[in-house]
Amino acid sequence: MVKTKVKEEKEEKSEKSEGKSLYPLLKRILIPLAVIGFGIYAYYLRHLTAGKYFPDPDTFYHFEIYKLVLKEGLPKYYPMAEAPFGSLIGEPLGLYILPAIFYKVVSVFGYNEFQAFLMWPPFVGFLGVIAVYLLGRKVLNEWAGLWAAVILSVSTANFSRTFSGNARGDGPFMTLFLFSLVAMLYYLKENDIKKKSLWGAVFVLLASISLGAWNGSPFGLMVLIGFASFQTIALFIFGKIKELKKFVKEFYPAYLAILAIGYGLTIPGIAKIGGFIKFAFEVFLGLVLLVTIMLYGGKFLNYSDKKHRFAVVAVIVLLGFAGAYAYVGPKLFRLMGGAYQSTQVYQTVQELAKTTLSDIKLYYGVEGNNGLVFFLSIPGFLIILGLYLNALLKKSESSNEYMLSLVFYIMSLYLLSLAVRFLFLASYAIALFSGIFAGFTMEVIEKMKENVGIKAALGIAIAVMILMVPITHGPVIARNAKALKVSEIETTGWEQVLKWLNENTSKYATATSWWDYGYWIESSLLGHRRASADGGHARDRDHILALFLARDGNVSEVDFESWELNYFIIYLNDWAKFNAISYLGGAITRREYNGDETGRGQVTTILPLQGSGGIYVNPYAGISVRVVQSNTTSKVTVNVRGRAECSPIYTLLIPGNKKIPGNGRCSDGSPFPYVLYLAPNFGLITYYKVATSNFIKLAFNIPISKYSGFTEKLYSNFVPVYGYGNVIVYEFRPFAIYRIEELINGTWKAVNSLTPGKHELKLYISAFGRDIRNATLYVYAIGNKTEKIKIGEIEYMNHLNEKPIIVNVTLPKAEKYRLVLVQKGPVGVLTGPPKLNGEIANPIRIAREGEKGTLSLKVGVDKDYTADLYLRATFIYLVRKEGKSNDDYNAAFEPHMDTFFITKLKGGIKLHKGDNVVTAELNMPNGVISSYKEKLEKEYGDKLIIRGIRVEPVFIAEKEYVMAEVRASAPHHGSE
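Thresholds, definitions, all that
- Residues numbered from 1 in each chain as written.
- Predicted model: local features only at pLDDT ≥ 70, side-chain atom pairs only at ≥ 80, totals over all residues.
- Heavy atoms only, no water.
- UniProt positions renumbered as here; feature names shortened; annotations may be inferred.
- Helix = DSSP H or I, 4+ residues; strand = E, 2+ residues; numbered from the N terminus.
- Buried < 20%, exposed > 50% of the residue type's maximum accessible area, 1.4 Å probe, protein only.
- Contact = heavy atoms within 4.5 Å.
- Areas by Shrake-Rupley, 256 points an atom, 1.4 Å probe, with all protein chains shown as cover.
- Lys, Arg positive; Asp, Glu negative; His and termini not counted.
- Charge placed at Lys NZ, Arg CZ, Asp CG, Glu CD.
- Pairing = 2+ DSSP bridges.
- Axes fitted to C-alpha atoms, helices over the stretch in contact; angles between N-to-C directions.
- Domains from an automatic or database assignment.
- Buried area = accessible area lost by both parts, 1.4 Å probe.
- Salt bridge = Lys/Arg side-chain N within 4 Å of Asp/Glu carboxyl O.
- Polar contact = N/O pair within 3.5 Å; in protein donor to acceptor, adjacent residues only side chain to side chain.
- Nonpolar A, V, L, I, M, F, W, Y, C, P; charged D, E, K, R; others polar.
- Left-handed = near helix turned anticlockwise from the far one by under 90°.
- Phe/Tyr/Trp six-rings, centres within 6.5 Å; stacked < 30°, edge-to-face > 60°.
- Lys NZ or Arg CZ within 6 Å of the ring centre and 35° of its normal.
- Expected span 1.5 Å × (residues − 1).
- Bend = angle between axes of the 7 residues up to and from the residue.
- Disulfide = S-S within 2.5 Å.
- Core = buried A, V, L, I, M, F, W, Y, C linked by side-chain atoms within 4.5 Å.
- Patch = residues over 30% accessible without salt bridge, like charges linked within 9 Å, V, L, I, M, F, W, Y side chains within 5 Å.

- Looking up the protein chain in an unreviewed UniProt entry gives the name dolichyl-phosphooligosaccharide-protein glycotransferase, with the organism given as Pyrococcus abyssi.
- Under the UniProt heading Sequence similarities (unreviewed entry), the note attached to the protein chain is "Belongs to the STT3 family."

Next up, the structure:
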């Protein structure tokens, strides 16, 4: 009996031992499999957005450069932007080489370049899940890695940059960087020389490649140098000199190698952060100086205890910061400064807006705007901080894993606080520390002395709680992803309009709209035409576009002919962006645009209304409008959220242009500075400062202006040629005839058609943004044959003060008559990178003052010309017209564009239809740019903000401008 009991006890111990050995084995197998499963789920969710087009507008541009990489290898020039000049590629080519390599791999399985490009961001999302698991496992344990991967797979913040159709660089960069951190930790831990060398090589290689994936990759360099700095200081202060020497020997050469390789990648353009690498090298030299003093300064300084060592470090660091600040200036503290709202344009870009708590709750929420994932990361951070401090204070140990993760988290939160765009970047650190919180809890449960059943129950409870994140939030991500699959392009008319543009205009044609849609215009999937402005180029031109759209009268006349603009595309939905447009165009102040620091003072510039039966509503804004008409009077009342009855300044009923005056105030005494336009089925509430803007005229066909005759002129310069849905294409005519009068029986009468025979005509010409000089007028009689007849000349006409001209003409029989003006103007578009002395030059800053050499251009024209080649300067600048300073909430800025010729390079150039190669000798005069800049600074002082200085090669030739087409009619008998 005793023997049997002993035997049973032995068997029970054996079973427990076997269970204990089996559990770690199962954990090592099942957890990685689960991570791969969640990685696949992450890929699935992110690929749900794959559709006909890209949901993200910038990705249209990235797709074009990706195709250029596949075609050319390392392209330097993109011909479709900055029309008509093209632009140098400013993004790191590594961003496109990575998906190009991915395409080469998956093409083996039958995927084409478009399909591969759609698969790339979700694949990056998949890799990110694997990377955060490996990092979590290395920092704490398997559970931390698993739960970090689970959370990241369904993170809204992470999804926002890794879904199909969003191929920006921050996703690939962060994934590569995380893998490099994992390799670095293994490298620093490993003792075997072969394995250590391998891990070190992987660390340096991945970190270096990551620098070419995104222009924001300096974040990685700063995390590494931050880690090195704090680890160096901690080891020194706590007297771990042996460990410090080992760390310096291992990490410092690796970091130097990353800088060297990264800088080498800037030479072919694979990386584009050469300036920051130089800065990082300077910081690294400062750190080397610090560690040299630490290791060898004991002969001269007191290193006897922690306090003295800390004092030495503190003094040196403070001196270093002071020196760095003196050297670099205030931008020392502006890591990733592009995120700041440093210009008026950046102030209107949503993703560059400063992050709020509401943003954090939205992007890190679970099934709602609760920020749960973010708040879970805070105890995770406190756990690692506690573990690190405990080991540091009790054992004088400074863990590489803990130190790195703490620096990574703190710097991620710092960037997150700067701008909305960095909510994604921080998603990895936040998922990591949320996973650490859960993983630490699981580890505590595993080490409990309770029986297996209790421990298993607690572990399952924790697991279920974490798994509720993907269970509840995964479907939310899936719904959002499916909604993104059908893009704005397909639902608003843009697709049809851009396909029309592609099929019905010259391949050299240029078009523009508000800058948000420039990449759509340029895309080979849609318009495939050159755009004057887009999301990444010509940011100086944004102000000029805004000036045109938001203003009225002469001030809004922009010399679009200097851009060789052919088509202007109006998008009705831009009413929702009109606050930004109005601010950039100088129509409203900064306070009116977005409110002051308390949010007060913001206005709504345009608000559409749905109308029926004399009642107009906007349910989202809580606005209702009622028109009450009696036999003698009419009254318009605006109800604002049921709290106040308001009277607009005036209301215009369309059609008929009946004007109903109001008092511009509300029943509670507050001002109501708005104008109403009411048509039978729709209405507009417009802020008084933009109530007569050109956008109102062109988008909604409301013929309203503060200036007599301006609307008629505008409609002659911008002629609608196609429209679909909410998008209208206008053909831009720099010179147009907006009214024709004929002398009939001694009286000038307006005519809409012309007859064969003799005529004395008065032509009312609108010259939009450009003077007429030494021009000749012709009429084409178009019928079975076309006859060209000269009808007059114009020596000079000021575009701000046009006068009608009288011409006499005898017209032959025809079907229609086309009136044209022939004058010298810009022709041709650059179709290849310009070269100065054999080196590729910036197309919009072709030369600096005093620079000279042989200029080579590839130019495309749609007909034969004899042209002269000039260098032309363009200054785009703002002048503060309101407010005491540029940061004043009452500040408003007037955009200006000054254009002048610098010098003639070559004359009598024969340009033939198609592409031409032209060479000329360039000699850029000294002082021509600097003197004009000084002139502006002297004139405007601190009110001046220069947004762009351009030096562009321009071909000038006799150019024919269509001014009007008039139908032919049968002769009348009263003509003299």
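### Re the overall build of the protein chain
Here's step 1: Check the secondary structure of the protein chain and you find 27 helices and 33 strands.
Here's step 2: Seen along its three principal axes, the alpha-carbon backbone of the protein chain occupies a region of about 135 × 75 × 60 Å.
Here's step 3: Per-residue burial over the protein chain gives 56% buried out of 976 residues.
Here's step 4: For the protein chain, the proportion of contacts with a sequence separation of at least 24, taken over those separated by at least 6, is 71%.
Here's step 5: Carbon and sulfur atoms provide 57% of the accessible area of the protein chain, an area that totals close to 42500 Å².
Here's step 6: Distance between charge centroids for the protein chain: 5 Å, based on 106 positive and 82 negative side chains.

### Quick look at the sheet that holds strand β24 (residues 805-811)
Here's step 1: If you trace the four strands from one edge of the open sheet to the other, you get β19-β18-β21-β24, paired in antiparallel fashion. The outermost strands of the open sheet, each flanked by one partner alone, are β19 (747-750) and β24. Across the sheet, the mean angle from the axis of one strand to that of its neighbour is 40 degrees, orientation sign disregarded.
Here's step 2: With four bridges joining them, strand β18 (residues 735-744) and β19 adopt antiparallel strand pairing. Note that in β19 the partner of Glu-741 across the bridge is Ala-750.
Here's step 3: The sheet strands contacting helix α26 (residues 710-717) are β18 and β21 (757-767), and the helix crosses β18 at an angle near 115 degrees.

### Brief notes about the domain arrangement of the protein chain
Here's step 1: One can read the domain layout of the protein chain as domain 1 (32-482), domain 2 (493-583 + 708-732), domain 3 (735-823) and domain 4 (829-959).
Here's step 2: Put simply, the middle of domain 2 and the middle of domain 4, counted by C-alpha atoms, are 22 Å apart.
Here's step 3: Contacts between domain 2 and domain 4 engage 18 residues on the former and 23 residues on the latter.
Here's step 4: Interface area, domain 2 with domain 4, both sides summed: about 1700 Å², of which 54% is carbon and sulfur.
Here's step 5: For domain 2, the biggest contributors to the area lost against domain 4 are Tyr-508, Asp-540 and His-543; these three give 37% of the whole.
Here's step 6: Counting every contact that joins domain 2 to domain 4 gives three salt bridges.
Here's step 7: Ionic pairing is found between Asp-540 and Arg-950, a salt bridge with its closest N-O pair at 2.9 Å.
Here's step 8: Counting across the domain 2 and domain 4 interface gives five residue pairs in polar contact (both at pLDDT 80 or more).
Here's step 9: Across the side of domain 2 that touches domain 4, the residue classes break down as eight nonpolar, four polar and six charged.

### What about the packing of helix α15 (residues 372-395) against helix α16 (residues 400-418)?
Here's step 1: Contact pair α15 / α16: the axes reach a minimum separation of 10 Å and the direction vectors enclose 145 degrees. Considering only the axes of α15 and α16, their crossing is left-handed. Facing Phe-374, Ser-377, Ile-378, Phe-381, Ile-384, Leu-385, Leu-387 and Tyr-388 of α15, the residues of α16 in contact are Tyr-402, Met-403, Ser-405, Leu-406, Tyr-409, Ile-410 and Leu-413.
Here's step 2: Grouping the constituent residues of the contact of α15 with α16 by class yields 13 nonpolar, two polar and no charged.

### Considerations on the UniProt feature "domain: Oligosaccharyl transferase peripheral" (unreviewed entry) in the protein chain
Here's step 1: In the numbering adopted here, UniProt assigns the feature "domain: Oligosaccharyl transferase peripheral" (unreviewed entry) to residues 734-824.
Here's step 2: Between the C-alpha atoms that bound residues 734-824 there is a distance of 12 Å. The span itself is 0% helix and 73% strand.

### A word on the packing of aromatic side chains
Here's step 1: Considering all chains together, one arrives at 77 aromatic pairs under this definition.
Here's step 2: Look at Phe-374 and Phe-375: their rings are 5.5 Å apart centre to centre, the planes differ by 70 degrees, and that puts the pair in the edge-to-face class.
Here's step 3: For Phe-374, a relative accessible area of 12% puts it in the buried group.
Here's step 4: Measuring from ring centre to ring centre gives 5.8 Å for Phe-560 and Phe-568, while their planes differ by 55 degrees; the resulting arrangement is tilted. Both residues of the pair, Phe-560 and Phe-568, belong to the buried class.
Here's step 5: Grouped by ring-pair contacts, the aromatic residues Tyr-53, Phe-54, Phe-60, Phe-63, Tyr-66, Phe-114, Phe-117, Trp-494, Tyr-517, Trp-520 and Tyr-571 constitute a single cluster.
Here's step 6: It is Arg-539 that lies over the ring of Trp-515; its NZ or CZ is 4.1 Å from the centre.
Here's step 7: Above the face of the Tyr-778 ring, Lys-788 is positioned so that its terminal group lies 4.3 Å from the ring centre.

### Topic: helix α4 (residues 113-139)
Here's step 1: Taking 1.5 Å as the rise per residue, α4 with 27 residues should run 39 Å; its terminal C-alpha atoms sit 38 Å apart, in good agreement.
Here's step 2: Along its length, α4 reaches its greatest deviation from straightness, about 30 degrees, at Trp-120, and the proline Pro-121 lies no more than four positions downstream.
Here's step 3: Of all 27 residues in α4, 21 are buried, a share of seventy percent or more.
Here's step 4: Two or three places before Phe-114, at the start of α4, stands the capping residue Asn-112, its side-chain oxygen 3.1 Å from that residue's backbone nitrogen.

### Observations regarding the pattern of salt bridges
Here's step 1: Inspection of the entire model under this criterion finds 31 salt bridges.
Here's step 2: Put simply, Lys-959 and Glu-561 hold a salt bridge, and the shortest N to O gap is 2.7 Å. Note that Lys-959 is positioned in strand β33 (residues 944-968) and Glu-561 in the loop between α22 (539-550) and β5 (567-571), a separation of 398 residues in sequence.
Here's step 3: Assessed through its relative accessible area of 14%, Lys-959 is described here as buried.
Here's step 4: By relative accessible area, which is 2% here, Glu-561 ends up buried.
Here's step 5: The shortest N-O distance in the salt bridge between Glu-965 and Arg-818 comes to 2.6 Å. Linking Glu-965 in strand β33 with Arg-818 in strand β25 (residues 816-827), this pair joins segments that are 147 residues apart in sequence.
Here's step 6: Glu-965 gets classed as partly exposed once you look at its relative accessible area, which sits at 38%.
Here's step 7: The partly exposed category is assigned to Arg-818, whose relative accessible area is 25%.

### Describing the state of the cysteines
Formally, a disulfide is one covalent bond, and it connects the sulfur atom of one cysteine to the sulfur atom of another.
Here's step 1: Across all of its chains, the model carries one disulfide by this definition.
Here's step 2: The disulfide that involves Cys-646 links it to Cys-666, with 1.9 Å between the sulfurs. Disulfide Cys-646-Cys-666: torsion about the S-S bond near 100 degrees, hence right-handed. Of this pair, Cys-646 sits in strand β10 (residues 644-647) while Cys-666 sits in strand β13 (residues 665-666), placing them 20 residues apart in sequence.
Here's step 3: We classify Cys-646 as buried; its relative accessible area is 3%.
Here's step 4: Residue class for Cys-666 comes out buried when judged on its relative accessible area of 12%.

### Quick look at the sheet that holds strand β17 (residues 727-732)
Here's step 1: Within the open sheet, the five strands sit side by side as β4-β3-β5-β17-β16. Their pairing is mixed. If you trace the sheet from one side to the other, it starts and ends with β4 (530-531) and β16 (718-724), each paired once.
Here's step 2: Two elements, β16 and β17, share six bridges in a ladder whose sense is antiparallel. Looking at β17, one finds that Gly-723 is bridged to Ile-728.
Here's step 3: Contacting β3 (510-512), β5 and β16, α22 runs over the sheet at an angle of about 65 degrees to β5.
Here's step 4: On the sheet, α26 packs against β16 and β17 and is oriented at approximately 65 degrees with respect to β16.

### Overview of the nonpolar core
Here's step 1: Within the largest apolar cluster, 251 residues are counted, with the highest numbers of intra-cluster contacts made by Phe-203, Phe-251, Phe-408, Phe-560 and Tyr-677.
Here's step 2: The contact partners of Phe-251, leaving out residues within four places of it in the chain, are Met-184, Leu-188, Phe-203, Leu-224, Phe-227 and Ala-228.
Here's step 3: By size, the runner-up hydrophobic cluster in this structure holds 41 residues, among which are Tyr-77, Ile-846, Ala-847 and Leu-871.

### A few points about a nonpolar patch on the surface
Here's step 1: There is a patch of nonpolar side chains on the surface, built from Leu-25, Leu-26, Ile-29, Leu-30, Leu-33, Ile-36 and Ile-40 and spanning about 620 Å² of accessible area.
Here's step 2: Among the secondary structure elements, Leu-25 is positioned in helix α1 (residues 2-47).

### Describing the pairing of strand β12 (residues 658-661)
Here's step 1: For strand β11 (residues 650-653) and β12, the ladder comprises four bridges, and the chain directions are antiparallel. When the sheet's bridge partners are listed, Leu-652 is paired in β12 with Lys-659.
Here's step 2: Linking β11 back to β12 in an antiparallel pair, the connection comprises four residues, with Gly-656 at a positive phi of about 105 degrees.

### Some points on the pairing of β18
Here's step 1: Counted residue by residue, β18 has eight buried out of 10 residues, so it is predominantly covered.
Here's step 2: The sheet contact formed by β18 and β21 spans seven bridges and is antiparallel. When the bridges of β21 are listed, Ala-736 appears paired with Ser-766.
Here's step 3: Between β18 and β19, which pair antiparallel one after the other, the connecting turn spans two residues, and Asn-745 there sits at a positive phi close to 55 degrees.

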